[in-house]
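Listed below, chain by chain, are the residues.
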Amino acid sequence: MKINCIIVEDEPLALERAKDYVSKLPFLHLLATFDNALDTLVFIKSNPVDLMFLDIHLGEVSGIQLLENTTLPCQVILTTAYHEYALKGYELKVTDYLLKPYSFERFLQAADRAQQLFNQKTPPREPDFIFVKTENRLEKVVLADVLYIEGMGDYRCIYTAQKRILTLQTFTEFEQQIPPNLLCRVHKSYIVAIGKIDTIERERIKIGGKVIPVSATYRDGFYEQVQRVSK
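Reading the values: the criteria
Residues numbered from 1 in each chain as written. Predicted model: local features only at pLDDT ≥ 70, side-chain atom pairs only at ≥ 80, totals over all residues. Heavy atoms only, no water. Salt bridge = Lys/Arg side-chain N within 4 Å of Asp/Glu carboxyl O. Helix = DSSP H or I, 4+ residues; strand = E, 2+ residues; numbered from the N terminus. Buried < 20%, exposed > 50% of the residue type's maximum accessible area, 1.4 Å probe, protein only. Arc of directions from axis to C-beta. Contact = heavy atoms within 4.5 Å. Polar contact = N/O pair within 3.5 Å; in protein donor to acceptor, adjacent residues only side chain to side chain. Pairing = 2+ DSSP bridges. Axes fitted to C-alpha atoms, helices over the stretch in contact; angles between N-to-C directions. Phe/Tyr/Trp six-rings, centres within 6.5 Å; stacked < 30°, edge-to-face > 60°.

Draft legend 1. Structural detail: the pattern of salt bridges. Evaluation of the coordinates by the stated rule reveals eleven salt bridges. With a shortest N-O distance of 3.6 Å, Glu175 and Arg185 are connected by a salt bridge. With Glu175 in helix α6 (residues 171–177) and Arg185 in strand β11 (residues 183–187), the pair connects residues that are ten residues apart, well separated along the chain. Each of Glu9, Glu11, Asp55 and Lys100 takes part in salt bridges that share partners, so that together they form one network.

Structural data, given as structure tokens:
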């Protein structure tokens, strides 16, 4: 996933250097550049900015004043020719501090640090499929195709619109692998795909021509999940 960034810099040569460095990093996407704090504030209020390269000396409102008086919804890497602002920058919890003229290697180090922090805050993408062991092979199961999973003694049978897959994988293992907004346990012998349910009536679910009971043990959790996905 790319990081949306902006550059706030009023020195033309420094701006061109920063733009060139950003263009060399495929994980950065430059949205815009600014030479003052006020225009920057207007832009970030209506655009998804993840990272700001912020010069300290900007005329009427400095980069430090911007950080001190505004809660910015993004990471900030300060850029300046004056090393004495470094301590102040770290007090304001900036991601990094670049001392001009900085090299591409130093810029890359700062950008990598921002990327690491960005990835930590980005929730992992939910899986589209899983692999289950059946007989002597691993078979791919596309989660969007699953109707329900039924317990049959030591086995679990995965029903899709196209086929059935028999596996020794346990219900607990399925629940650990599959996001709860997709599949939900409704009975000791059944897990169902919430989005594939046709009707719910008198503690009975109809799905793909199959009537599945909702047991007292799982009833409350099932109805809570139905309400969440219905909102």
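Draft legend 2. Structural context of helix α2 (residues 37–46). Along α2, the positions that sit buried rather than exposed are Ala37, Thr40, Leu41, Phe43 and Ile44. Projection of α2 onto a plane perpendicular to its axis shows the buried side chains occupying an angular sector of 170°, all on one side. In α2, the exposed positions that point more than 90 degrees away from the buried face belong to Leu38, Val42, Lys45 and Ser46. In this fold, the buried residues of α2 make contact with β1 (3–8), β2 (28–34), β3 (51–55) and α3 (63–69). A distance of 3.2 Å separates the backbone nitrogen of Leu38 from a side-chain oxygen at the start of α2, and that oxygen is part of Asn36.

Draft legend 3. Here's a closer look at the side chain of Asn36. As for its position among the elements, Asn36 is in the loop between β2 and α2. A distance of 3.2 Å separates the side chain of Asn36 from the backbone nitrogen of Leu38, its partner in a polar contact. Of note is the side chain of Asn36, whose polar atom sits 2.8 Å from the backbone nitrogen of Asp39.

Draft legend 4. Fine view of the sheet that holds strand β14 (residues 204–207). Reading across from one edge, β13-β14-β15 is the order of the three strands in this open sheet, with antiparallel pairing throughout. Only two strands of the sheet have a single neighbouring strand rather than two, namely β13 (199–201) and β15 (210–213). On average, each strand axis in the sheet is inclined to that of its neighbour by 25°, with strand direction left out of account. In this structure, β13 lies alongside β14, joined through three bridges in antiparallel fashion. Among the inter-strand pairings, Glu201 is bridged to a residue of β14, identified as Arg204.

Draft legend 5. Structural detail: the packing of aromatic side chains. Per the stated rule, a full pass over the model turns up ten aromatic pairs. With a centroid separation of 4.5 Å and an interplanar angle of 20°, the aromatic rings of Tyr148 and Tyr159 are classed as stacked. Within this pair, whereas Tyr148 is found in strand β8 (residues 146–152), its partner Tyr159 is found in strand β9 (residues 155–160), the two being separated by eleven residues in sequence. Given the relative accessible area of 6%, Tyr148 is considered buried.

Draft legend 6. Main features of the sheet that holds β2. The five strands are arranged β2-β1-β3-β4-β5 in an open sheet whose pairing can be described as parallel. For this open sheet the edge positions go to β2 and β5 (96–99), each flanked by a neighbour on one side alone. On average, each strand axis in the sheet is inclined to that of its neighbour by 20°, with strand direction left out of account. The sheet contact formed by β3 and strand β4 (residues 75–80) spans five bridges and is parallel. In the sheet register, Leu54 faces β4, and the bridge partner there is Leu78. Running over the sheet, helix α5 (residues 104–121) touches β1, β2, β3, β4 and β5 and is turned about 165° from β5.

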